[in-house]
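Chain and residue survey
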Amino acid sequence: MNTKNHKDRARKRAAFELIEREVESYHELKKWLDEEKMAIIESSPSSEVAVQSGPCDPTASKAIKLCSSKTIIEIERRVKAIEYALDVVKRSGEANWMRLIELKYWDNKLTNAGIAAELHISRATFHRWRRKFVELVAEYLGWEV
């Protein structure tokens, strides 16, 4: 196998695994994001730095903080990507697909084979739906998996 192909496959696999970890922590990420935004919004004006051209506008300063935090921007982008994929799954009309996401990423009680058995789907369908869901998240983020 050529080194470039091997590195490309390794990079795509790492992206796939990262997306799965992000989906697993989706609820915690969303909660953290909401808390961080509220902390900025509810921060006291006294902590704001005055603008050179005049008195500080607390609302504008808070908006700038919300829009300039690289961490908030990236976490929000990842949360939106997951929500986009969840919306596609919900609109698909395939209730078992949504249930697969819940069991695989948030319930953590069954193996992959156990999830397939629970949903009365083949292992191939399990893996196809899982991959498609991760691909939807990756597509939104502009990543290759």
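Residues numbered from 1 in each chain as written. Predicted model: local features only at pLDDT ≥ 70, side-chain atom pairs only at ≥ 80, totals over all residues. Heavy atoms only, no water.

Here we look at the overall build of the chain
In terms of regular secondary structure, the chain is built from 7 helices and 0 strands. Traced from its N-terminal end to its C-terminal end, the chain shows the element sequence α-α-α-α-α-α-α. For the chain, the proportion of its 145 residues judged to be buried stands at 32%. Considering only intrachain contacts with a sequence separation of at least 6, the fraction spanning at least 24 residues in the chain is 64%. In the form shown here, the chain has an accessible surface area of approximately 9200 Å², with 53% of it arising from carbon and sulfur atoms. (Helix = DSSP H or I, 4+ residues; strand = E, 2+ residues; numbered from the N terminus. Buried < 20%, exposed > 50% of the residue type's maximum accessible area, 1.4 Å probe, protein only. Contact = heavy atoms within 4.5 Å. Areas by Shrake-Rupley, 256 points an atom, 1.4 Å probe, with all protein chains shown as cover.)

Let's talk about the pattern of salt bridges
Scanning all chains against the criterion turns up 15 salt bridges. The salt bridge partner of Glu22 is Arg78, with a shortest N-O separation of 3.4 Å. One end of the pair, Glu22, is in helix α1 (residues 3–24); the other, Arg78, is in helix α4 (residues 70–91), and 56 residues separate them in sequence. In this pair, the class of Glu22 matches that of Arg78, namely buried. Here Arg78 makes a salt bridge to Glu74, at a shortest N to O gap of 2.7 Å. You can see Arg78 and its partner Glu74 sitting in helix α4, 4 residues apart, about one turn around the helix. What you see here is one network of salt bridges that share partners, running through Asp8, Arg11, Lys12 and Glu144. (Salt bridge = Lys/Arg side-chain N within 4 Å of Asp/Glu carboxyl O.)

Notes on the packing of aromatic side chains
Per the stated rule, a full pass over the model turns up 4 aromatic pairs. Here the aromatic rings of Tyr105 and Phe133 are separated by 6.2 Å at their centres, their planes lie at 35°, and the arrangement is tilted. Within this pair, whereas Tyr105 is found in helix α5 (residues 95–107), its partner Phe133 is found in helix α7 (residues 123–141), the two being separated by 28 residues in sequence. Overall, the relative accessible area of 0% leaves Tyr105 in the buried class. (Phe/Tyr/Trp six-rings, centres within 6.5 Å; stacked < 30°, edge-to-face > 60°.)

Examining the packing of α5 against helix α6 (residues 112–119)
One way to put it is that α5 packs onto α6 with a least axis distance of 10 Å and a crossing angle of 145°. Relative to α6, the crossing made by α5 is right-handed. Together, Asn96, Arg99, Leu100, Leu103 and Lys104 of α5 and Asn112, Ile115, Glu118 and Leu119 of α6 make up the contact between the two elements. Here the residues of the contact of α5 with α6 are counted per class, giving 4 nonpolar, 2 polar and 3 charged. (Axes fitted to C-alpha atoms, helices over the stretch in contact; angles between N-to-C directions. Left-handed = near helix turned anticlockwise from the far one by under 90°. Nonpolar A, V, L, I, M, F, W, Y, C, P; charged D, E, K, R; others polar.)

So, the nonpolar core
Membership of the largest hydrophobic core comes to 34 residues, with the highest contact counts inside it found for Leu86, Trp97, Leu100, Ile101, Ile121, Phe133 and Val137. Secondary-structure elements contributing two or more residues to this core are α1, α2 (26–41), α4, α5, α6 and α7. Examining the composition of this core, we find that 9 residues originate from one element, α4, more than from any other. Apart from residues lying up to four places away in sequence, Leu86 is in contact with Tyr26, Met98, Ile101, Trp106 and Phe133. (Core = buried A, V, L, I, M, F, W, Y, C linked by side-chain atoms within 4.5 Å.)

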